[in-house]
Structure formats: C-alpha cells, structure tokens
Amino acid sequence: MLVLAHISDLHLDGTARATERAERVRDRLWQLPGQVDALLVTGDIADHGAEAEYEEAARILGLHEGDAPFPVLTCPGNHDSRAPYRKALLREPVADGPVNSVRVFTGGAVLMCDSSIPGSDEGALDEETYDWIEATLDALEGSLPALLAFHHPPVALHHPLPDSYQLAGPGRLAALLERRPEIAGLITGHAHTPAATVFAGRPLVVGPGVTWTLRLPWEGEQIADREAPVGLAFHVLDDEGRLTTHFRVVP
C-alpha cells in the first residue's frame, strides 16, 4: 500500500499570508502521529517563478536540510519557472526542458510530469514528456501500479476559470491510459478546489489549493475564497491498485 499526502498551489510570493498558510499545512503534516510515504506538491509552488520564492519553498518543505519526515515530490505549474525551479528548489543544473521525475515505492510508482508551457497559463504534456512516461513505465515492466501527477486537469471542472486552462490534447493522454493498465490514477492541482472525477476510465483527483479556495458558480460571484481553511488530501493506493482519496482542512 502507498499513502501520499497531497497539497497544491502554494503560490509563495514573499508575503506573510502565503508563508503562514504554507507553514500551517506543513506543520500539520510534519506532526502526523502516523507515517505517510511521501508528500506530493502539484505545482504553482511559486507565484512569480522567482528564485527567492523557491528558496522559501525549499525551506518550508525541508528539501535541503533534511527536515522533512518523508520524501517531498514536486512538479511544476503554470506559475512556476523551470530554470529557478531547478536551481533553487531541486538544486539541479539549470535547463529549459520539462521537469519530469519518478519515485518508486514498495506500493507503487509516482511519475511527476511537467504540464507547464513556459510563458503561458496553458497546460500540455509535450512530446518529450510522453516519451519519458512511456520509457519510465517500460522500465518498471508493469511490476507496480503507477500514478501520474501533473498540474493541469484534463477535464472540465464546471467553473469558467480552471476550465479555460485545461490540459491540452486530452485525447493523447486517454490513448496512453488505454495502452497502460498499470496507471491506477491521475493526480492534479491548478483548480484550487478539491474534486474527484473519472478520466478515460481512471480516477482523477484534483487537490485543494493552499493559498485560496475556488468558489463554484453556485457559491457566489467572488472567485477566490481567501478565508477558506487550507486544504490537503491523502491518497491511498492499495495492493489491488485501487485509489482512495480523503480530503482534510487545516483551520
């Protein structure tokens, strides 16, 4: 069994408000009485893609000092910038290509995929990323269930703001899922609202936003609920390859 904590859309911007909300959910996770296997962060970690924002994210998430009690897995969002993301958050050489990575656990594999398009709020998995997904799954030889994590949901969530920036080319992603039965589900962020649906016959779970929560059309005209509590999710991938998600708030 694989247990993932999941947060998204921290939008760290140097303000006390953004820092406090990120530290609040961090503190809740670090103080869990039981162990989770990893924390997954699905993009928009920084608000402006600035190096200082990633340095703050690394501090909060304990990426470089060994403070985190479990691995922290990340993928970029449309507010993120690949060069400073790699340099300050990952401490990797600066490069312009997509930031893709995989972590293999006893209970499953998590593929963190880059759906960002530099300079745009749009989202897409490019040719290099699709090739990387195929090669990574080939190397695993179907031995473990796998989760794909990326920022932009590939389906409508019934709000005009996130629906304006869905993942482009969902048909290609659906075809990948048809060929790859070992993919147990998709985990995304971007929409700032906890949501669960199905895409191409697989579970699709959207993580809540740390910085603010999306008000749906029937909840009022104001889009951003900045007073809503911080949200997080716990994903459980069981030994049968079934994905179950629990949502929580941190007052």
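Look up: the structure comes first, before these words.
Given the structure is predicted, the values throughout are model-derived calculations rather than measurements.

Rules used throughout
Residues numbered from 1 in each chain as written. Predicted model: local features only at pLDDT ≥ 70, side-chain atom pairs only at ≥ 80, totals over all residues. Heavy atoms only, no water. Pairing = 2+ DSSP bridges. Helix = DSSP H or I, 4+ residues; strand = E, 2+ residues; numbered from the N terminus. Axes fitted to C-alpha atoms, helices over the stretch in contact; angles between N-to-C directions. Contact = heavy atoms within 4.5 Å. Parallel < 35°, antiparallel > 145°, perpendicular 65-115°, else oblique. Nonpolar A, V, L, I, M, F, W, Y, C, P; charged D, E, K, R; others polar. Disulfide = S-S within 2.5 Å. Buried < 20%, exposed > 50% of the residue type's maximum accessible area, 1.4 Å probe, protein only. Core = buried A, V, L, I, M, F, W, Y, C linked by side-chain atoms within 4.5 Å. Phe/Tyr/Trp six-rings, centres within 6.5 Å; stacked < 30°, edge-to-face > 60°.

## Focus: the sheet that holds strand β11 (residues 202-206)
Overall, mixed pairing links the six strands, which are arranged β4-β5-β8-β9-β11-β10 in an open sheet. Across the chains shown, the open sheet's two edge strands, defined by having one partner strand only, are β4 (101-105) and β10 (195-199). Averaged over all pairs of adjacent strands, the angle between strand axes in this sheet comes to 20°, irrespective of strand direction. Bridge count for β10 against β11 is five bridges, and the pairing is antiparallel. For A196, the partnering residue across the bridge sits in β11 and is V205. Helix-sheet contacts for helix α4 (residues 127-140) involve β4, β5 (108-112), β8 (146-149) and β9 (183-188), and the interaxial angle to β5 is about 165°.

## Quick word on the packing of α4 against helix α6 (residues 170-179)
The interhelical angle for the contact between α4 and α6, taken along N-to-C directions, is 10°, at an axis separation of 12 Å. Of the possible angle classes, the one that applies to α4 and α6 is roughly parallel. Counting all contacts with α4, which are made through E127, Y130, I133 and E134, the residues of α6 involved are R172, L173, L176 and R179. Residues that form the contact of α4 with α6 fall into these classes: four nonpolar, no polar and four charged.

## Examining the state of the cysteines
Scanning all chains against the criterion turns up zero disulfides. The structure places no disulfide on C75, whose sulfur is separated from the nearest cysteine sulfur, that of C113, by 7.5 Å. A residue is classified by how much of its surface remains accessible, and C75, at 0% relative accessible area, is buried. Judged by relative accessible area, C113 falls into the buried class, the value being 0%.

## Description of the nonpolar core
Ranked by size, the top nonpolar core spans 31 residues in total, and within it I7, V25, L29, L39 and V41 carry the most contacts. Mapped onto this core, the elements with two or more residues apiece are β1 (2-7), α1 (16-30), β2 (38-42), α2 (51-61), α3 (82-90) and β14 (230-237). Top element by residues in this core is α2. It accounts for five residues. When neighbours within four sequence positions are excluded, V41 is seen to be in contact with I7, L10, L61, V72, L73, T74 and C75. In this structure, L137, L140, I183 and A191 belong to the second largest nonpolar core, which totals 25 residues.

## Side note on the packing of aromatic side chains
Summed over the entire model, instances satisfying the criterion amount to two aromatic pairs. Here W30 and F70 contribute two aromatic rings whose centre-to-centre distance is 5.4 Å and whose plane-to-plane angle is 80°, an arrangement assigned as edge-to-face. Residue W30 is found in helix α1, and its partner F70 is found in the loop between α2 and β3 (72-75); the two are separated by 40 residues along the sequence. Using a relative accessible area of 7% as the deciding quantity, one classes F70 as buried. Between the aromatic rings of Y54 and Y85, the centroid separation amounts to 5.6 Å while the plane-to-plane angle is 75°, which identifies the pairing as edge-to-face. With Y54 in helix α2 and Y85 in helix α3, the pair connects residues that are 31 residues apart, well separated along the chain. In this pair, the class of Y54 matches that of Y85, namely buried.

## Notes on the sheet that holds β2
Strand order in this open sheet of five strands is β3-β2-β1-β14-β15, and the pairing throughout is mixed. Edge positions in the sheet fall to β3 and β15 (243-250), since each has one partner strand and no second. Going from strand to strand, the sheet's axes swing by 25° on average, the running direction of each strand aside. Pairing between β14 and β15: eight bridges, direction antiparallel. Paired with H235 across the strands is T245, a residue of β15.

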